[in-house]
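# Structural overview
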Amino acid sequence: MIPYGRQWIDEDDIEAVARALRSDWLTTGPEVEAFERDLAEYTGARYAVVFSSGTAALHGAYFAAGIGPGDAILTSPVTFAATANAARFLGADVVFADVDRNTVNLDPASARERLDRRVKAIVPVDFAGHPADMDAFRQLASDTGSVLISDACHSLGATYRGRPVGMLADMTVFSFHPVKGITTGEGGAVVTDDRVFYRRLVQFRNHGIERDPEFMADYHGPWYHEMQLLGFNYRLTDIQCALGRSQLAKLPRFLDRRREIAARYTEAFERIEGVTVPAVMPDVQPAWHLYVLRLDPDLYDRRAVFEALRERGLGVQVHYIPVYWHPYYRSLGYARGLCPVAEDYYRRCISIPLYPALDESEVQYVIRSVRSVLEAHRK
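Report follows, based on the coordinates. Keep in mind it's a predicted model, so treat the numbers as computed, not measured.

### Some remarks on the overall build of the protein
A tally of helices and strands in the protein yields 12 helices and 17 strands. Relative to the compact-globule value of 21 Å for 379 residues, the protein shows a C-alpha radius of gyration of 21 Å, a close match. For the protein, the spread of C-alpha atoms along the principal axes amounts to about 75 × 50 × 40 Å. For the protein, the proportion of its 379 residues judged to be buried stands at 56%. Counted over contacts in the protein with a minimum sequence separation of 6, partners at least 24 positions apart contribute 71%.

### Here we look at the sheet that holds strand β15 (residues 291-295)
Strand order in the open sheet made by the 3 strands is β13-β15-β17, with antiparallel pairing throughout. Every interior strand has two partners, whereas the edge strands, β13 (275-276) and β17 (349-352), have only one. On top of the sheet, helix α8 (residues 238-269) reaches β13, β15 and β17; it is set at about 15 degrees to β15, its chief contact.

### Describing the packing of aromatic side chains
Ring pairs (aromatic) are described by centroid distance and by the angle formed between their planes. Enumeration over the complete set of coordinates arrives at 19 aromatic pairs. With a centroid separation of 5.8 Å and 80 degrees between ring planes, the pair formed by Phe-127 and Tyr-345 is classed as edge-to-face. A residue pair is termed long-range when its members are at least 10 positions apart, and Phe-127 in the loop between β5 (119-123) and α6 (134-144) and Tyr-345 in helix α11 (residues 340-348) qualify at 218 residues. Since its relative accessible area comes to 4%, Phe-127 is described here as buried. On the basis of relative accessible area, Tyr-345 is assigned to the buried category, the value being 3%. Between the aromatic rings of Phe-204 and Tyr-234, the centroid separation amounts to 6.0 Å while the plane-to-plane angle is 65 degrees, which identifies the pairing as edge-to-face. Residue Phe-204 is found in helix α7 (residues 195-204), and its partner Tyr-234 is found in the loop between β12 (226-227) and α8; the two are separated by 30 residues along the sequence. Among the aromatic residues, those joined into a ring-pair cluster are Phe-51, Phe-63, Phe-204, Phe-232 and Tyr-234. Above the face of the Phe-215 ring, Arg-199 is positioned so that its terminal group lies 3.5 Å from the ring centre. A cation over an aromatic ring shows up here: Arg-253 above the ring of Trp-8, its NZ or CZ 5.2 Å from the ring centre.

### Overview of the packing of helix α1 (residues 11-22) against α8
At a closest axis distance of 8 Å, the pairing of α1 and α8 adopts a crossing angle of 150 degrees. By the angle between their directions, the pair α1 and α8 is classed as roughly antiparallel. α8 is crossed by α1, and the crossing has right-handed handedness. Between α1 and α8, the residues in contact are Asp-12, Asp-13, Ala-16, Val-17, Ala-20 and Leu-21 and Asp-238, Ile-239, Ala-242, Leu-243, Ser-246, Gln-247 and Lys-250, respectively.

### Thoughts on helix α3 (residues 54-64)
Most of α3 is tucked away, with 10 of its 11 residues classed as buried. Within α3, the full set of buried residues consists of Gly-54, Ala-56, Ala-57, Leu-58, His-59, Gly-60, Ala-61, Tyr-62, Phe-63 and Ala-64. The N-cap residue of α3 is Ser-53: its side-chain oxygen and the backbone nitrogen of Thr-55 are 3.4 Å apart.

### Here's the deal with the layout of surface pockets
To find leftover empty space, a probe the size of one water molecule is rolled over the atoms. There is about 560 Å³ of room inside the largest pocket. Considering the residues around the largest pocket, the lining is formed by 21 residues, among which Thr-28, Val-202, Arg-205, Asn-206 and Arg-211 are closest to the centre. For the lining of the largest pocket, the secondary structure elements donating two or more residues are α2 (30-43), α7 and β11 (209-210). Considered class by class, the residues forming the lining of the largest pocket number 8 nonpolar, 5 polar and 8 charged. Of the pockets and cavities examined, the second largest pocket occupies roughly 420 Å³. Every element with two or more residues in the lining of the second largest pocket is listed here: α3 and α4 (82-89).

### Thoughts on the environment of Gly-44
Inspection of the secondary structure assignment puts Gly-44 in the loop between α2 and β2 (47-51). Considering only alpha carbons, one finds Gly-44 and Met-167, 123 residues apart in sequence, at a separation of 6.0 Å. Here Gly-44 is in contact with Met-167 and Asp-193, once residues within four sequence places are set aside.

### Concerning the pairing of β15
β15 sits mainly inside the fold: 5 of its 5 residues count as buried. Neither face of β15 is left uncovered, since the one carrying Tyr-291, Leu-293 and Leu-295 and the one carrying Val-292 and Arg-294 both have all their residues buried. Sheet analysis places β13 next to β15, joined by 2 bridges and oriented antiparallel. Opposite Thr-276, over in β15, you have Arg-294 as the bridge partner.

### Quick word on unusual backbone geometry
Between His-319 and the following residue, Tyr-320, the backbone shows a cis peptide bond with an omega angle of 5 degrees. Tracing the sequence through the fold places Tyr-320 in the loop between β16 (314-315) and α10 (327-331). Positive phi outside glycine occurs at Val-104, with the angle close to 65 degrees. Tracing the chain through its elements places Val-104 in the loop between β4 (93-96) and α5 (108-114).

### Points about the environment of Ser-52
With respect to the secondary-structure elements, Ser-52 resides in the loop between β2 and α3. Given the relative accessible area of 24%, Ser-52 is considered partly exposed. When the C-alpha atoms of Ser-52 and Leu-148 are compared, they prove to be 22 Å apart, with 96 residues separating the residues in sequence. Setting aside its immediate chain neighbours within four residues, Ser-52 contacts Glu-186, Gly-187, Gly-188, Tyr-234, Arg-235 and Leu-236.

Each value, and the rule that gives it
Residues numbered from 1 in each chain as written. Predicted model: local features only at pLDDT ≥ 70, side-chain atom pairs only at ≥ 80, totals over all residues. Heavy atoms only, no water. Helix = DSSP H or I, 4+ residues; strand = E, 2+ residues; numbered from the N terminus. Rg over C-alpha atoms; globule rule 2.2 N^0.38 Å. Buried < 20%, exposed > 50% of the residue type's maximum accessible area, 1.4 Å probe, protein only. Contact = heavy atoms within 4.5 Å. Pairing = 2+ DSSP bridges. Axes fitted to C-alpha atoms, helices over the stretch in contact; angles between N-to-C directions. Phe/Tyr/Trp six-rings, centres within 6.5 Å; stacked < 30°, edge-to-face > 60°. Lys NZ or Arg CZ within 6 Å of the ring centre and 35° of its normal. Parallel < 35°, antiparallel > 145°, perpendicular 65-115°, else oblique. Left-handed = near helix turned anticlockwise from the far one by under 90°. Polar contact = N/O pair within 3.5 Å; in protein donor to acceptor, adjacent residues only side chain to side chain. 1 Å grid on protein atoms, 1.4 Å probe; cavity = no way out; pocket = protein on both sides within 12 Å on 5 of 7 lines; lining within 4 Å. Points joined across faces, edges and corners; volume = space filled by probe spheres on them. Nonpolar A, V, L, I, M, F, W, Y, C, P; charged D, E, K, R; others polar.

This is the structure we're talking about:
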């Protein structure tokens, strides 16, 4: 099976982890601090705080923004459910706006229409690694006094109008799951230029504990610490951060290969009737986390195509079921029809394998298989 995505681990990564295992630190030690410095430098942010997962990082970002009961975030329905779920963890509501028909990113015009006084954070998602229209969302956040939080879990290494993802929002969230641009096994991070957000993020991921005497209500001696807020154990280990540092050094090479494969796919599929290849907006350099084809339902049965490709050993996937279609969100009163562009996209989408470790024979096999299956299953 050729999956839709997977990690690329080599001997350098294994040796980096082995060095961490041989050291005196396994949990929170020098590799954590070094990985955070590396991430901040790479993204152009002042601070980086690593977390145990991308979901934990979203939870931390929403907490740092002060989101709680009576508040809401505004986000896209075309995302993994964690984007919305992390707000629910804090007792907040979720307002879904529709997506742009070309990029499948949150549509700024729909977002403006759906805004209400509960919305405390606007959370665009960089779907498939293509940065959202962040200038438009920056203006919208400024107009409404909202915090701008970028769910960039797909887009580490992407650029928007010459600026790296990580410099575009008040807080930017990344994921290091094995199918993402780099991996720490599980893991995530938030980058920001705001010192207040930074300090809240650091406390939140470590049980709400403060160790700096300057910020304590009291001080009894060098052993003393204070739990100042109700935080979580969302720490990332030195072992994982050693892997992350090794992976981050290879990210430019990984991105080059993803872009090369994406260009091959676009050339192979863009002239097939009833097939839409991913759009790339001007002045944007995507990270190509996913390569999603859209099939005209009048010409192709998406399920039949999906099953036929699986039979050929391609681990195709569908990204994503609209979040508010899931039973949990339906139980909260969300109904189908809320975001018609997103729902139309869901009827058409299918993700094909794309990751830097794909070799040339595998890329050619993917292209041949997709072409053959589409030809065989055209209505």
